[in-house]
Every structure is written in C-alpha cells, then in structure tokens.
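Descriptive structure summary
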Amino acid sequence: MVSVLLMMALQATPAVPAVSAIACPVWERELSFAGSVRRHDAAAFAEHVDPDAVFSVTGKSPLHGRNVVLEHWKGIVSGNAIHLDWYPDRVIASDSGDLAWSTGPVLLELPDGKGGWSQHVGRFASVWRKNTDGKWRVAFDGGADPLPATPEQVTAYKASRARPCDMNPRGK
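A brief structural summary. (Residues numbered from 1 in each chain as written. Predicted model: local features only at pLDDT ≥ 70, side-chain atom pairs only at ≥ 80, totals over all residues. Heavy atoms only, no water.)

So, about the overall build of the chain. Along the chain, the regular secondary structure elements total six helices and ten strands. Within the span of the chain, comprising 172 residues, buried residues form 42% of the whole. Taking contacts inside the chain between residues at least 6 apart in sequence as the whole, the part at least 24 apart equals 61%. Counting only carbon and sulfur atoms, one obtains 59% of the accessible surface of the chain, whose full area is about 8900 Å². (Helix = DSSP H or I, 4+ residues; strand = E, 2+ residues; numbered from the N terminus. Buried < 20%, exposed > 50% of the residue type's maximum accessible area, 1.4 Å probe, protein only. Contact = heavy atoms within 4.5 Å. Areas by Shrake-Rupley, 256 points an atom, 1.4 Å probe, with all protein chains shown as cover.)

Written as structure tokens, this is what we have:
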C-alpha cells in the first residue's frame, strides 16, 4: 500500500509547482544542496548545513550538529557508500522569511552485493533556517524509509527532476 501511495505521489507531482517569493530562494537552495551531493562536493554540502542541524530526525539516532552530520554523510557525499539524489516538489516559508519547510522525492541507490546497485524511492522533509549571514541552511532533515523502486518509479522520478522555482506571490 505504501509503495502504491509513493508511486502515485511521484506521478502526481505538478510539472512546475508555484511557490511564494519568500520560498523560492529555499527551492533553489534545496536544488543546490542536492547538487552538492551529486557532484560529490563536500565543501558545498557543508555550506548548506546549519551549525545546529539535526539530521535523521525520523530515525532512532538523530545526528546533532554540523560536524557530526558531515562525518556521517562522508560516504554519501563521496558516492562511495550510496548514491543519493533528491529534489523539492513543495516548499513553504514562514511569513517572517526566516523559516521554511521543503519536501520531495528521493532516489537512493544501494550496493546490491553483486557489484551493482539497487534502486529505492522515498521522500525527504527538511526545515530550513535563514542564518544571520542571509544564507538558508538545513536545520532539520529527515524522511520516510525508502522502498525498492520499480522501473516506472525511477522513470517518474527522473522525468520531474531539478525543476526551477516558479514564483507565485500569492502563495505561501
């Protein structure tokens, strides 16, 4: 049932969702954050993580602080442990313009033990905070456990990937 709902969510994503003018920079920052992992750029990845970040918030052992997150994510960012890709399909910002929530699909490739990779899909959710330097950084990060992906789910994920922000000043 969860797999069916996840597949429907991936396929039901609008082509270019509208977000508010406040949320659009977070949308772009989320794309940049994912891009840092795709490029295996540890310095760029670190720049996206809030000093007081908590990652794996939905897990049994959340990771507290930028340094702990960076250490835990080394194999992810390098691409040696897993291959991870994601993009936002919804971003909502507070009216104050200093907090935002983003969510979207995740494509995860894990070693299959036979020299190849098995593909999984899931969803992430992140809370972003605008720091005193004016940059948005992830303060809280988590998501649903990924499930094995069908070829159709992988195709749907790739078809909607990395869309630019479409501002809608009326939206929040």
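Read on, since the account is not over.
A separate point is the side chain of S126. Mapped onto the elements of the fold, S126 is located in strand β7 (residues 117-130). A distance of 2.5 Å separates polar atoms of two side chains, one belonging to S126 and the other to D141. With near-sequence residues (within four places) excluded, S126 lies in contact with E30, A100, W101, S102, V138, F140 and D141. (Polar contact = N/O pair within 3.5 Å; in protein donor to acceptor, adjacent residues only side chain to side chain.)

Summed over the entire model, instances satisfying the criterion amount to six aromatic pairs. A centroid spacing of 5.2 Å and a plane angle of 25° characterise the contact between F45 and W73, whose relative ring orientation is stacked. Of this pair, F45 sits in helix α3 (residues 42-47) while W73 sits in the loop between α4 (66-72) and α5 (74-78), and the two are 28 residues apart along the sequence. For W73, a relative accessible area of 9% puts it in the buried group. Ring geometry for Y87 against Y157: centres 4.8 Å apart, planes inclined by 40°, an arrangement best described as tilted. (Phe/Tyr/Trp six-rings, centres within 6.5 Å; stacked < 30°, edge-to-face > 60°.)

With that out of the way, let us pick up the pairing of strand β5 (residues 90-93). Where burial is concerned, the two faces of β5 differ: the one with V91 and A93 is buried and the one with R90 and I92 is not. The pairing of β5 with strand β6 (residues 99-111) spans four bridges and is antiparallel. Pairing of V91 across the sheet is with S102, part of β6. Counted between consecutive antiparallel strands, the loop separating β5 from β6 contains five residues, among which G97 sits at a positive phi close to 80°. (Pairing = 2+ DSSP bridges.)

Along the chain, the position of R163 falls in the loop between α6 (151-159) and β10 (166-167). The exposure class assigned to R163 is buried, which follows from its relative accessible area of 8%. Sequence-wise, R163 and W27 are 136 residues apart; in three dimensions their C-alpha atoms are separated by 9.4 Å.

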